[in-house]
Amino acid sequence: MIREHYIPFNKEFLLEQQIAAFAEDKQKVDNFKKLFDIIEHYYHYESFNLNRNLKQHYALYDPDLSEKEREGFIGKSDFSVFKETLLAVLDRGNYHKIDQETLKEAIKQSDLIGLNLAIDFNAFKDYELYARGHHTAKEKVKKYYFWKKEVEIEYYDRVLIYLNYSDADYLTQKKVKLGKMPIDPGSIALKIFKRVPKNDLETIFPNAVPKMSLKDKMLLWVPGIFGGISLLSAKVIPALLNMYNAYQTGETIDLLNSKTSLNQGLIALGILAAYCFRQYNNFINKKIRYSKMLSDSLYFKNVGNNSGAFYSLLNSSEEEALKETILAYTFLNKSKNPLTAQELDSQIESWFASQLNTELDFDVNDALLKLKVIGLGIETNGKWEVIPLNEALIKIDELWDNVFDYNQK
């Protein structure tokens, strides 16, 4: 796993950690809390505007809206604006794109469900996956019959799947059955899941269908074909031929022995058929377990769908922005001398490693840009400093007061 920009601690915890050094100065602690409270409200207002923008430009492609409702957004919803804004929100929330190689590897492997899944990618004009945060956990998986093995599974903390469904004409051309699709052609589906196994990423696709693995096919067909041929040639066919020849020639035969041989062959074939049915039934049971796992994901791992996913994305992006601002401001505030971006980045990452035993790639450039935009950060000859806390409170209060200018002359 690569080091991520994502900061796996909540904003309240990080703020308390940073102001702990000023615990004896209650006024300074109170001022820090006031400063970041106003900054949080400012970022929340930004998120509100982003949410309104996303909903307007997504409405034409929202599968949760009726056809009549969508018609009202023709000429008002712009796909390029929607996609650009969505990517900006994902970047702000420190999501990263999952590459095709990772997805292909997940389709080949299956850590938990033990099933190969087939996905008809013709259903999608475009599809993308984005993840944020990761961890590992020990899980017991079934290997052979009653033997279970403990393995280490890599999980993504959050995964967003973006599915831009193909138009009806294209789907018809590709022989996709439109009546069985759970969504209107041309729609865009968005889903956010939590705690998704890296090697089971394919399970979050809505059209993933279980298929027999090579092992399943071998266990079903090899014993069936070779066992069936062996029993037919050794028992059933010779017994039937003897009985037929005796009938044709009128010769007397040992009818009891022939019937016994025939019965033995038929019983053996019945046992073989029962074995093949058992192997097939094992595959069906795997499909049932997969359906249950999918149901668990739907009810327990699903965080948001379609336009409802915006709230989760914007909440996380808002919090990530605030955490970056808290860290950048407090570290620069504590420094006796201005710092370069690289020096600040090194200090913050070292603090996470030593104090919280966490390796991350702090997005220092984004954090410094935020400080500059809200007027708290100053760059001089490549070195950064922040304005004093008392001045920062006045500056951020002015910024918040000027969000609306209806009363200004």
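Our structure is the block above this text.
Residues numbered from 1 in each chain as written. Predicted model: local features only at pLDDT ≥ 70, side-chain atom pairs only at ≥ 80, totals over all residues. Heavy atoms only, no water.

Colleague: Report on the sheet that holds strand β10 (residues 383-386), specifying residues and quantitative values.
Modeller: An order of β8-β10-β9 is seen for the 3 strands of this open sheet, with the pairing classed as antiparallel. Among the strands making up the open sheet, the edge pair consists of β8 (339-340) and β9 (377-380). In this structure, β9 lies alongside β10, joined through 4 bridges in antiparallel fashion. Paired with I378 across the bridge in β10 is E385. (Pairing = 2+ DSSP bridges. Helix = DSSP H or I, 4+ residues; strand = E, 2+ residues; numbered from the N terminus.)

Colleague: Which residues make up unusual backbone geometry, and what values do they have?
Modeller: One non-glycine residue, N357, adopts positive backbone phi at about 50°. You can call N357 exposed: its relative accessible area is 71%. The phi dihedral of N381 falls on the positive side, at around 55°, and the residue is not glycine. Note that N381 resides in the loop between β9 and β10. Note on N381: relative accessible area 78%, which makes it exposed. (Buried < 20%, exposed > 50% of the residue type's maximum accessible area, 1.4 Å probe, protein only.)

Colleague: Any chance you could break down the side chain of S77 for me, citing the residues and the numbers?
Modeller: Take S77: it is sitting in the loop between α3 (67-71) and α4 (79-92). Side-chain polar atoms of S77 contact the backbone oxygen of Q56, separated by 2.5 Å. Within the structure, the side chain of S77 is placed 3.4 Å from the backbone nitrogen of L60, a separation counted as a polar contact. (Polar contact = N/O pair within 3.5 Å; in protein donor to acceptor, adjacent residues only side chain to side chain.)

Colleague: Lay out the packing of helix α9 (residues 309-334) against helix α11 (residues 364-373) with the relevant residues and their values.
Modeller: It is at 9 Å that the axes of α9 and α11 come closest, and there the two elements cross at 80°. The angle between α9 and α11 falls in the class roughly perpendicular. Only D366, A367, L368, K370 and L371 of α11 make contact with α9, whose side of the interface consists of A321, E324, T325, A328, Y329 and L332. Counted by class, the contact of α9 with α11 contains 7 nonpolar, 1 polar and 3 charged residues. (Axes fitted to C-alpha atoms, helices over the stretch in contact; angles between N-to-C directions. Parallel < 35°, antiparallel > 145°, perpendicular 65-115°, else oblique. Contact = heavy atoms within 4.5 Å. Nonpolar A, V, L, I, M, F, W, Y, C, P; charged D, E, K, R; others polar.)

Colleague: Could you give an account of the environment of L322, naming the residues involved and the relevant values?
Modeller: Along the polypeptide, L322 turns up in helix α9. For L322, a relative accessible area of 2% translates into the label buried. Along the chain, L322 and D37 lie 285 residues apart, while their C-alpha atoms are 9.6 Å from each other. Other than its neighbours up to four places away in sequence, L322 contacts K11, F36, I39, E40 and Y43.

Colleague: Residues and numbers for helix α1 (residues 11-19), please.
Modeller: Among the residues of α1, K11, L14, L15, Q18 and I19 are the ones counted as buried. What you see down the axis of α1 is that its buried residues fit within an arc of 120°, all on one side. Buried positions along α1 lie against α2 (26-58), α9 and α10 (341-355). (Arc of directions from axis to C-beta.)

Colleague: Can you tell me about the packing of aromatic side chains, naming the residues and giving the values?
Modeller: A complete count under the given rule lists 19 aromatic pairs for this structure. When the ring of F36 is compared with that of Y329, the centres are 6.1 Å apart and the planes differ by 80°; the resulting orientation is edge-to-face. Separated by 293 residues along the polypeptide, F36 in helix α2 and Y329 in helix α9 bring together distant segments of the chain. Between Y42 and Y43, the ring centres sit 6.2 Å apart and the planes meet at 50°, which makes this aromatic pair tilted. (Phe/Tyr/Trp six-rings, centres within 6.5 Å; stacked < 30°, edge-to-face > 60°.)

Colleague: For the nonpolar core, give the residues involved together with the corresponding values.
Modeller: Most often, soluble globular proteins have nonpolar side chains that are buried together. Ranked by size, the top nonpolar core spans 44 residues in total, and within it L35 and Y329 carry the most contacts. Looking at this core, the elements with two or more residues in it are α1, α2, α9, α10, α11, β10 and α12 (389-401). The next biggest cluster of nonpolar side chains, apart from the first, holds 23 residues, and it includes I98, F124, V159 and I161. (Core = buried A, V, L, I, M, F, W, Y, C linked by side-chain atoms within 4.5 Å.)

Colleague: Any details on the packing of α1 against α2? Residues and values, ideally.
Modeller: It is the contact of α1 with α2, at a shortest axis distance of 11 Å, that shows an interaxial angle of 150°. Here α1 lies roughly antiparallel to α2, going by the angle between them. For the pair α1 and α2, the sense of crossing is right-handed. For the pair α1 and α2, contact is made by K11, L15, E16 and I19 and by V29, F32, K33, F36 and E40, respectively. Residue classes in the contact of α1 with α2 are distributed as 5 nonpolar, no polar and 4 charged. (Left-handed = near helix turned anticlockwise from the far one by under 90°.)

Geometry only, nothing functional implied.
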